[in-house]
Amino acid sequence: MKDLVFSGIKPTSVPHLGNYIGAIKQWVDIQKNHRCLFSIVDLHAITVPQDPKEMRQNTLDIAATYLACGIDPARSTIYIQSEVAEHAELAWILGTVTKMGELERMTQFKDKSQKGGRERAGLGLFAYPALMAADILLYDTSAVPVGEDQMQHLELARVIARRFNQEFGETFVIPQALIQKHGSRIMSLQDADKKMSKSDESKSGTIMLDDDADAIRKKIMRAVTDTGGGVYFEPEKKPAVSNLMTIYHHLSGKTMKEIETLYEGKGYGDFKKDLAEIVVDYLGPIREKLETFRREPGELHKVLDAGRDKAKAMAEAKMELVRERVGLGR
Ligand code: TYM
């Protein structure tokens, strides 16, 4: 049987270009020769405050984005995490074999709890990696295509799986992360030291997948560059330009070398102008499809219903084994 691939996105906003390049774009290729599950992980989203109405809309928008970007529901299972209750059940069980010290070391927890202080951080935010491990282990996943920021969580999922297997007998497959060479960490257009993110205070640092052509052009033309001219891929010396080149590379299919040759002797202005048009042309059709789904969500609900039923059948079978291994029930 083909290897199983699992990944997901939190419905905290419409996805951005970092989500697309770091995750969704890889998924579209991977689904051609793997069994895939792509979830909208709403239980993860509520580990930080969400407006319920907005989150519902974001959930549908993420599903629409998956389809608009080329995830094919005939090949891949698209579903909402909270509609398969086994995720939460397994997360609880895995929580009993996860150490406080391991969770305390997670940089995402440290970052997100920094504002209000550790004492005021929610239990859900702390236990987030156990839920993420549950998502992955529930389906005997062998590969998880994610951006670099999820590596630490994935490492912990592997530790938890091994520990459970040791304590209760072989139950879970040990998953591998799939990280791309370029693009696993797209940076903010306003600050090349920070990753592109939905929570960036500077809205112009993040290109949302539903930005219109004008917004995209403005954001790219305003993007920060590095001192000293020249369009070269040198992430250490030229982090901002290298980040823009990574976007160029992914959306045009050109290699870094080809891009360097193309802009030899030219300035940042020419490069940014071309990049803006590449991004506008690439995202235009995605945005149009997304908007069609917003107006007519019927098809979306059909895909999500079918995805839920398929994921649920797989999750139920696995949970029966887990309960038996742990000694739960009669
Ligand atoms: P989330 O919703 O923050 O991001 C979704 C995916 O996008 C990637 N990503 C990026 N890649 C490159 N550059 C960026 N600037 C960038 N920002 C985000 C993320 O690495 C991710 O792959 N915890 C996960 C969701 C999750 C999950 C899972 C993922 C829950 N359960 C199980 C895989 C498997 C998260 O918060 O992703």
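Residues numbered from 1 in each chain as written. Predicted model: local features only at pLDDT ≥ 70, side-chain atom pairs only at ≥ 80, totals over all residues. Heavy atoms only, no water.

K.L.:
Kindly report on the overall build of the protein, identifying the contributing residues and their values.
P.N.:
Along its length, the protein carries 13 helices and five strands. Here the protein has a C-alpha radius of gyration of 21 Å; the compact-globule value for 330 residues is 20 Å, and the two agree. Here the C-alpha coordinates of the protein stretch approximately 75 × 45 × 40 Å along the principal axes. When the accessible surface of the protein is summed, it comes to about 16,000 Å², and 51% of that surface belongs to carbon and sulfur atoms. Of note, the protein has its 47 positive side-chain charges centred 1 Å away from the centre of its 48 negative side-chain charges. (Helix = DSSP H or I, 4+ residues; strand = E, 2+ residues; numbered from the N terminus. Rg over C-alpha atoms; globule rule 2.2 N^0.38 Å. Areas by Shrake-Rupley, 256 points an atom, 1.4 Å probe, with all protein chains shown as cover. Lys, Arg positive; Asp, Glu negative; His and termini not counted. Charge placed at Lys NZ, Arg CZ, Asp CG, Glu CD.)

K.L.:
Give a detailed account of the pattern of salt bridges, specifying residues and quantitative values.
P.N.:
Think of it this way: side chains of opposite charge can pair up when their charged atoms draw near. Summed over all chains, the structure comprises 19 salt bridges. The partner of Asp210 in a salt bridge is Arg294, with the nearest N and O atoms 3.1 Å apart. With a gap of 84 residues between them, Asp210 in the loop between strand S5 (176-178) and helix H9 (213-221) and Arg294 in helix H12 (residues 268-295) connect regions that are remote in the sequence. Given a relative accessible area of 23%, Asp210 falls into the partly exposed group. For Lys237, the salt bridge identified is with Glu234, shortest N-O distance 3.8 Å. One salt-bridge network, in which partners are shared between bridges, spans Asp61, Asp210 and Arg294. (Salt bridge = Lys/Arg side-chain N within 4 Å of Asp/Glu carboxyl O. Buried < 20%, exposed > 50% of the residue type's maximum accessible area, 1.4 Å probe, protein only.)

K.L.:
Please provide a residue-by-residue account of the site of the ligand, values included.
P.N.:
For the ligand, the set of nearby residues contains 28 residues, the closest of which are Lys10, Tyr128, Asp135, Asp149 and Ile186. With respect to the ligand, the side chain of Asn19 contributes an N or O atom lying 3.0 Å from an oxygen atom. At 2.9 Å, a backbone N or O of Met196 approaches a nitrogen atom of the ligand. Of all the secondary structure elements, the ones that give two or more residues to the shell around the ligand are strand S1 (4-9), helix H1 (17-30) and helix H7 (123-137). Tallied by class, residues from the shell around the ligand come to eleven nonpolar, eleven polar and six charged. (Near = heavy atom within 4 Å. Polar contact = N/O pair within 3.5 Å; in protein donor to acceptor, adjacent residues only side chain to side chain. Nonpolar A, V, L, I, M, F, W, Y, C, P; charged D, E, K, R; others polar.)

K.L.:
Mind laying out the packing of aromatic side chains, listing which residues take part and the relevant values?
P.N.:
Inspection of every chain in the model, using the stated rule, returns eleven aromatic pairs. Residues Tyr248 and Phe271 carry aromatic rings whose centres are separated by 5.6 Å and whose planes lie at 10° to one another, so their mutual orientation is stacked. One end of the pair, Tyr248, is in helix H10 (residues 239-252); the other, Phe271, is in helix H12, and 23 residues separate them in sequence. In terms of burial, Tyr248 and Phe271 fall into one category: buried. Three or more aromatic residues joined by ring pairs make a cluster, and in this case those are Phe6, Tyr79 and Tyr139. (Phe/Tyr/Trp six-rings, centres within 6.5 Å; stacked < 30°, edge-to-face > 60°.)

K.L.:
A description of the layout of surface pockets should follow, citing residues and the corresponding values.
P.N.:
In this approach the atoms are scanned with a rolling probe the size of a water molecule, which exposes any empty space left behind. Quantified by volume, the second largest pocket comes out at close to 460 Å³. Around the second largest pocket, the lining comprises 18 residues; the ones closest to its centre are Ala91, Trp92, Leu123, Ala127 and Ala130. Of all elements in the fold, only helix H4 (86-95), helix H5 (100-104) and H7 reach the threshold of two or more residues within the lining of the second largest pocket. Looking at which element gives the most residues to the lining of the second largest pocket, the answer is H7, with seven residues. Of the residues belonging to the lining of the second largest pocket, the class tally is twelve nonpolar, five polar and one charged. (1 Å grid on protein atoms, 1.4 Å probe; cavity = no way out; pocket = protein on both sides within 12 Å on 5 of 7 lines; lining within 4 Å. Points joined across faces, edges and corners; volume = space filled by probe spheres on them.)

K.L.:
Residue-level account of the state of the cysteines, with values.
P.N.:
The final tally for this structure, using the stated rule, is zero disulfides. Looking at Cys36, it has no disulfide partner, and the nearest cysteine sulfur is the one in Cys69, 15 Å off. Judged by its relative accessible area of 4%, Cys36 is buried. (Disulfide = S-S within 2.5 Å.)

K.L.:
Report on H10, specifying residues and quantitative values.
P.N.:
In a regular helix each residue adds 1.5 Å, so 14 residues correspond to 20 Å; H10 covers 20 Å between its end C-alpha atoms and thus fits that length. Taken across its 14 residues, H10 has eleven buried, putting it largely inside the fold. Along H10, the residues classified as buried are Ala240, Val241, Ser242, Asn243, Leu244, Met245, Thr246, Ile247, Tyr248, His250 and Leu251. If you follow the buried residues of H10, they end up packed against H1, helix H11 (256-262) and H12. One or two positions beyond H10, positive phi appears at Gly253, with a value near 80°. (Expected span 1.5 Å × (residues − 1). Contact = heavy atoms within 4.5 Å.)

Geometric descriptors of this kind do not, in isolation, establish any biological role.
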